[in-house]
Amino acid sequence: MRSCNVRVIVNGRTYERTVPPRLTLADFLRHELGLTGTHIGCEHGVCGACTVLVDGASARSCLMLAAQADGAEIRTVEGLKGSDGVLHPIQQAFHEHHGLQCGYCTPGMLMTLVEFLGENPKPTAEEVRDAISGNLCRCTGYHRIVDAALDAARRLAPREG
Amino acid sequence: MKPPPFEYHLARSVPEAVGLLSQLPNAKVLAGGQSLMAMLNLRYVHPDHLIDINRIPELDGIDIQDGVLRIGAMVRQRRIETSAEARAAAPILCEALRHVGHRQTRNRGTLGGSLCHLDPSAELPTLALLYGATVHVAGPDRTRAVAMADFIGGYMTASIGPDELVTAVDFPLWTNDHGYGFSEFARRRGDFAIAAAGVLIERASDGRIGKVAIAVAGVDAVPVRLGEAEAMLRHKAASDELFASAAETCLSLKAIGDVHGSAAYRKKVAVAMVRRSLASACERAGRGSAR
């Protein structure tokens, strides 16, 4: 096929596009759907900035073709905020703990942590460091991101209890 | 960068994928994509056709029969890592998988993809070699079963035809109370290993070492078994001194140096990894903890 039909649900909304096979999911989200919250850093699967959730599992969207996402449910950073505009608890924790400076890695960090805290609601700092090992940040030195993640876990806990 | 242009084909069955592979010139198989997509983005590869095998259900099983753990080629690394069945039968797989890339890449990356990519530092080909696994390969006219040692063709080269597809990998299981150890050194979490070593040990009834296997990644151009060290250990009583001298055999391995570490350094790291893996395998062996 020289072009591919892609039907995806992104943050609850259905989109349908016809795209060239070589278009990555990251470029599809940014350029076809205008969802520029997903950042592109290295384009070879090292930096983690483009991390999104594909059917609930974190994935590097630069290492997937848009064509492969056909039929999938995708969650990006734009889907974290509530419809009332209230930040997601992980976003709020990043805000309060200074878990970002330039913000380039932040969407990938957030999406990685959404999956991780869902599976591991009471992580240790060491487990958080392991979970974000695939996301590079050049500003914070990671300490405040770890603090934010641990605080986010506490904020999320009562909801899940 | 962005991938070069290619045509995309979604295969729905193994015969369809193999048929496409034998008909289309300059075709590549797209498995989990965690290496191939990066190579496409960097334009290291220029296939005319990509054959996506992500929606072939028959490649997606994990099951145990007659003492063999069979894992389908497209089973995601993260699924093996978190599989209760795999953990009970072959716990070293789960232990080693924690070193494979990162959670995001393990969510997509597959067993078959890693074996075919055959990076010399990669954990999964090393484990397949450690187990003496059998790789099942489907071609246009026949299927064949290849011993992992023969599947390894050379540096990043699997012995597989351009029209063949890996379908599953069989890991012959060790006894329930076997010991296992996996150690790896990398500069950063999830990086390619400078060196890594996997060890399996079964104790004989007299408490001595019975069956033993050792495999090392990251040193030579391909993963290697330490046959000489295995022979030194067989039928011996375990001791730190014995483990140290068995591990020292790494120093006579062929090794390749690169920007991440010289050949000599990789060998020294391998010695330490083997020694550590032997110690933890021995400690776990025969205590029933390795179930």
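Parameters at a glance
Residues numbered from 1 in each chain as written. Chains lettered and ligands numbered in written order. Predicted model: local features only at pLDDT ≥ 70, side-chain atom pairs only at ≥ 80, totals over all residues. Heavy atoms only, no water. Contact = heavy atoms within 4.5 Å. Buried area = accessible area lost by both parts, 1.4 Å probe. Salt bridge = Lys/Arg side-chain N within 4 Å of Asp/Glu carboxyl O. Helix = DSSP H or I, 4+ residues; strand = E, 2+ residues; numbered from the N terminus. Buried < 20%, exposed > 50% of the residue type's maximum accessible area, 1.4 Å probe, protein only. pLDDT = per-residue confidence, 0-100. Pairing = 2+ DSSP bridges. Axes fitted to C-alpha atoms, helices over the stretch in contact; angles between N-to-C directions. Polar contact = N/O pair within 3.5 Å; in protein donor to acceptor, adjacent residues only side chain to side chain. Parallel < 35°, antiparallel > 145°, perpendicular 65-115°, else oblique. Left-handed = near helix turned anticlockwise from the far one by under 90°. Nonpolar A, V, L, I, M, F, W, Y, C, P; charged D, E, K, R; others polar.

Enquirer: A description of the interface of chain B and chain A should follow, citing residues and the corresponding values.
Expert: Across the boundary between the two partners, chain B contributes 31 residues, which contact 31 residues of chain A. Where chain B abuts chain A, roughly 2,600 Å² becomes buried across the two surfaces, and 48% of that area is made up of carbon and sulfur atoms. Area buried by chain B at its contact with chain A is led by Tyr 8, Arg 103 and Gln 104 of chain B, which between them contribute 27% of it. There are seven salt bridges connecting chain B and chain A.

Enquirer: Give me the pattern of salt bridges: which residues, what numbers.
Expert: The tally for this structure, following the rule as stated, stands at 24 salt bridges over all chains. Across the pair Arg 155 of chain A and Glu 96 of chain A runs a salt bridge, and its minimum N-O distance is 2.6 Å. Here the residue Arg 155 of chain A occupies a position in helix α5 (residues 143–160), and Glu 96 of chain A occupies one in helix α2 (residues 89–97), the gap between them amounting to 59 residues. The exposure class assigned to Glu 96 of chain A is partly exposed, which follows from its relative accessible area of 47%. Among the salt bridges present, the one from Arg 144 of chain B reaches Glu 164 of chain B, with a minimum N-O distance of 2.8 Å. Residue Arg 144 of chain B is located in strand β7 (residues 143–147), and its partner Glu 164 of chain B is located in the loop between β9 (157–158) and β10 (165–172); the two are separated by 20 residues in the primary sequence. The exposure class of Glu 164 of chain B is buried, given its relative accessible area of 12%. A single salt-bridge network, built from bridges that share partners, covers Glu 115 and Glu 119 of chain A together with Arg 78, Glu 81, Arg 103 and Arg 106 of chain B.

Enquirer: Now, about the confidence of the model for chain B: what can you tell me, with residues and values included?
Expert: Averaged over every residue, the pLDDT of chain B is 96; residues scoring 70 or more account for 98%. For this predicted complex, the interface confidence comes out at an ipTM of 0.95, alongside a pTM of 0.96.

Enquirer: Before we move on, could you go through the sheet that holds strand β1 (residues 4–10) of chain A and cite the residues and values that matter?
Expert: Residues and elements named next belong to chain A. An order of β2-β1-β5-β3-β4 is seen for the five strands of this open sheet, with the pairing classed as mixed. Bordering the open sheet on either side are β2 (13–19) and β4 (57–60), each of which pairs with just one other strand. Neighbour to neighbour, the strand axes of the sheet diverge by 40° on average, direction disregarded. Two elements, strand β3 (residues 51–54) and β4, share four bridges in a ladder whose sense is antiparallel. Counted as the bridge partner of Val 54 is Ala 57 from β4.

Enquirer: Any details on the pairing of β10 of chain B? Residues and values, ideally.
Expert: Residues and elements named next belong to chain B. The element β10 is extensively covered by neighbouring structure, given that seven of its eight residues are classed as buried. Bridge count between strand β5 (residues 68–72) and β10: five bridges; the pairing is antiparallel. Along β10, the bridge assignment pairs Leu 69 with Phe 171. Looking at chain direction, strand β6 (residues 134–138) and β10 are connected through five bridges and run antiparallel. From the neighbouring strand, Val 135 faces β10, where its bridge partner is Val 169.

Enquirer: Account for unusual backbone geometry, naming residues and giving values.
Expert: Residues and elements named next belong to chain A. A positive phi angle, close to 50°, is found at Asp 55, a residue other than glycine. One can find Asp 55 in the loop between β3 and β4. Of the residues examined, Asp 55 reaches a relative accessible area of 55% and is grouped as exposed. Of note, Tyr 142 is a non-glycine position whose phi angle comes to about 75°, a positive value.

Enquirer: Lay out the side chain of Asn 135 of chain A with the relevant residues and their values.
Expert: Its place among the elements puts Asn 135 of chain A in the loop between α4 (125–131) and α5. Taking the relative accessible area as the measure of exposure, Asn 135 of chain A reaches 1% and is therefore buried. Within the structure, Asn 135 of chain A has its side chain in polar contact with the backbone oxygen of Gly 48 of chain A (distance 3.2 Å). Those residues in contact with Asn 135 of chain A that lie beyond four places of it in its chain are Cys 47, Gly 48, Thr 51, Gly 108, Met 109, Thr 112 and Tyr 142 of chain A together with Gln 104 of chain B.

Enquirer: How would you explain the environment of Gln 91 of chain A if you had to name every residue and give the values?
Expert: Residue and element names in this part refer to chain A. Examined against the element boundaries, Gln 91 turns out to sit in helix α2. For Gln 91, a relative accessible area of 14% corresponds to the buried category. With residues up to four places along the chain from it excluded, the contact list for Gln 91 reads Val 77, Leu 80, Lys 81 and Leu 110.

Enquirer: Describe in detail the packing of helix α11 (residues 240–248) of chain B against helix α12 (residues 263–284) of chain B, supporting the description with residues and values.
Expert: All names here are of chain B. For the pair α11 and α12, the least separation of the axes is 8 Å and the interaxial angle reads 140°. In terms of their interaxial angle, α11 and α12 are classed as oblique. By crossing handedness, the relation of α11 to α12 is classed as right-handed. Residues Phe 243, Ala 244, Ala 246, Ala 247 and Glu 248 of α11 lie in contact with α12, whose contacting residues are Val 271, Val 274, Arg 275, Leu 278, Ala 279 and Cys 282. Taken together, the residues of the contact of α11 with α12 break down into nine nonpolar, no polar and two charged.

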